[in-house]
Amino acid sequence: MASTHGGERRRRILAVTALTAAGLLLWPGTAHAVDVTTTPTEARQGDAVRLEFSVPEERAGTKTNQVEVRLPADAPIAEVYPMSVNGWAPRISSRTLDKPVAGIHSSGVSTVTTAVTWVRVGESDPGPARLALSMGPMPQAERLTFEVVQTYADGTVVRWADAAGPHRAPALTLLPAAPGATGQAAHGGHGGPAAGAPAAADSGVDAPAAGAGGADEESGSADGMLAAGLLAGLGGGAAIGWLVSRWRRRDPDEATALAEVTGAVSTSSR
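Per chain, residues are indexed from 1 in the order of the written sequence. Given that this is a predicted model, residues contribute local features only at a pLDDT of at least 70 and side-chain atom pairs are listed and counted only at 80 or more, while totals for whole chains, interfaces and linings are drawn from all residues. Remark: hydrogens and water are excluded; side-chain values derive from all non-hydrogen atoms of the structure.

Asker: Residue-level account of the pairing of strand β11 (residues 157-160), with values.
Answerer: In β11, alternate side chains face the same way, and those of Val158 and Trp160 are buried while those of Val157 and Arg159 on the opposite face are not. Two strands are counted as paired when DSSP detects at least two bridges linking them. Numbering of helices and strands starts at the N terminus; helices are DSSP runs of H or I of at least 4 residues and strands are runs of E of at least 2. Relative to β11, strand β10 (residues 147-152) runs antiparallel, the two sharing 4 bridges. Opposite Gln150, over in β11, you have Val158 as the bridge partner. The loop that links β10 with its antiparallel partner β11 comprises 4 residues; one of these, Gly155, has a positive phi angle of about 95 degrees. Type-normalised accessible area, obtained with a 1.4 Å probe on protein chains alone, sets the label of each residue: buried when under 20%, exposed when over 50%, and partly exposed for intermediate values.

So this is what it looks like as structure tokens:
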């Protein structure tokens, strides 16, 4: 009986040891299984969408001070507008297409956004950086992959560009347009010139996020948010004036950070 009891005890110890070892082996993989994600994960071709990128903080003792989202070069999107995010200032990069694409507010857009870079200019919300773009119409593609370049305050650069592995690039699945849908491009030419925002961005001027986007976000109308972004004035002087007026009243360090983003002369806080 003693021998049987001792054997049972040994088997239990071995089982507990095996489970503990398995947990230790699996724990690092679970702890690091954090990706840049998008919300939503699906959209329809031809539609406009508000796409939010959630960028995790992976390094202890330092913060992310810049996030660049690069749009796919092989599937240009006619209109892209950064949404207002507390503590971050956006900069738009653009290029000129050989062949214009249909937009939401114009039938032909030749200057499109290639990347949006957010620079930290103040205190932001805790946790992952949540940076949103309103864009459309969605191209005729099955999937859009966005390369994300994350720069920390200590100079470390993390590229989320892999198809698999620990730093996978975020992607958006595009479904076929709904049967009978005319698509957002049917609005082309309605409401005024559309390409003004990307064209202004081509000059390297930081574009303010659409301040009027909040009501449109609550209503769930991505097309309304894009119109709000257009009307908010993404042009050169208006953009710098908006940013300077917003941050001038903050502390001197934030004013300096803003000056570096916009290229404007830093002014002391009032």
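So that's the structure; there's more coming.
Asker: An account of the sheet that holds strand β6 (residues 88-101) is requested, with residue identities and associated values reported.
Answerer: Taken together, 5 strands build an open sheet; the order of strands is β6-β7-β4-β10-β11 and the sheet is antiparallel. With one partner strand each, in any of the chains shown, β6 and β11 form the two edges of the open sheet. For this sheet, the mean angle separating the axes of adjacent strands, direction not counted, is 15 degrees. A fitted line through C-alpha atoms represents every axis, and for helices the fit uses only the stretch in contact; the resulting angles, taken between N-to-C directions, go from 0 to 180 degrees.

Asker: Can you explain the environment of Thr111? Please cite residues and give values.
Answerer: Its location among the elements puts Thr111 in strand β7 (residues 109-120). Judged by relative accessible area, Thr111 falls into the buried class, the value being 13%.

Asker: Pulling in residues and values, what's your account of the pairing of strand β8 (residues 129-136)?
Answerer: Burial of β8 is extensive: 7 of the 8 residues sit out of reach of the surface. The pairing of strand β5 (residues 79-82) with β8 spans 4 bridges and is antiparallel. Across the sheet, residue Val80 finds its bridge partner in β8, namely Met135.

Asker: Before we move on, can you summarise the packing of aromatic side chains with the specific residues and values?
Answerer: For this analysis, a ring pair means two rings from Phe, Tyr or Trp (six-membered ring only for Trp) whose centres lie within 6.5 Å, classed as stacked if their planes differ by under 30 degrees, edge-to-face if by over 60, and tilted for the remaining angles. Tallied over the full model, the rule gives 1 aromatic pair. Between Phe53 and Phe146 the ring centres are 5.4 Å apart and the planes differ by 80 degrees, which places this aromatic pair in the edge-to-face class. Of the two residues, Phe53 sits in strand β3 (residues 49-55) while Phe146 sits in the loop between β9 (143-145) and β10, which places them 93 residues apart along the sequence. Residue classification places Phe146 among the buried residues on the basis of a relative accessible area of 0%.

Asker: An account of the side chain of Thr64 is requested, with residue identities and associated values reported.
Answerer: Along the chain, Thr64 falls in strand β4 (residues 64-70). Within the structure, Thr64 has its side chain in polar contact with the side chain of Glu57 (distance 2.9 Å). Distance and chemistry together define a polar contact, namely a pair of N or O atoms within 3.5 Å, with one atom able to donate a hydrogen and the other to accept it when in protein, and with adjacent residues in sequence counting only for side-chain atoms on both sides. At a separation of 2.8 Å, a polar atom in the side chain of Thr64 contacts the side chain of Gln150. When sequence neighbours within four positions are dropped, the list of residues in contact with Thr64 reads Glu57, Trp88, Arg120, Gln150, Thr151 and Tyr152. Here, two residues are considered to be in contact whenever any of their heavy atoms come within 4.5 Å of each other.

Asker: Got a sec to walk through the pattern of salt bridges? Specific residues and values, please.
Answerer: Within this document, salt bridges are pairs made up of a side-chain nitrogen of Lys or Arg and a carboxyl oxygen of Asp or Glu, the two lying within 4 Å of each other. A complete count under the given rule lists 8 salt bridges for this structure. The partner of Glu52 in a salt bridge is Arg50, with the nearest N and O atoms 3.9 Å apart. Look at Glu52 and you get buried, because its relative accessible area is 19%. The network of salt bridges with common partners includes Glu68, Arg70, Glu147 and Arg159.

Asker: Would you mind going over the sheet that holds strand β12 (residues 171-175) in detail, with residue names and values included?
Answerer: Spatially, β2-β12-β9 is the arrangement adopted by the 3 strands of the open sheet, whose pairing is mixed. Only two strands of the sheet have a single neighbouring strand rather than two, namely β2 (42-44) and β9. Going from strand to strand, the sheet's axes swing by 30 degrees on average, the running direction of each strand aside. Of the pairings in the sheet, the one linking β9 to β12 comprises 3 bridges and is antiparallel in character. Bridge pairing links Arg143 to Thr173 in β12.

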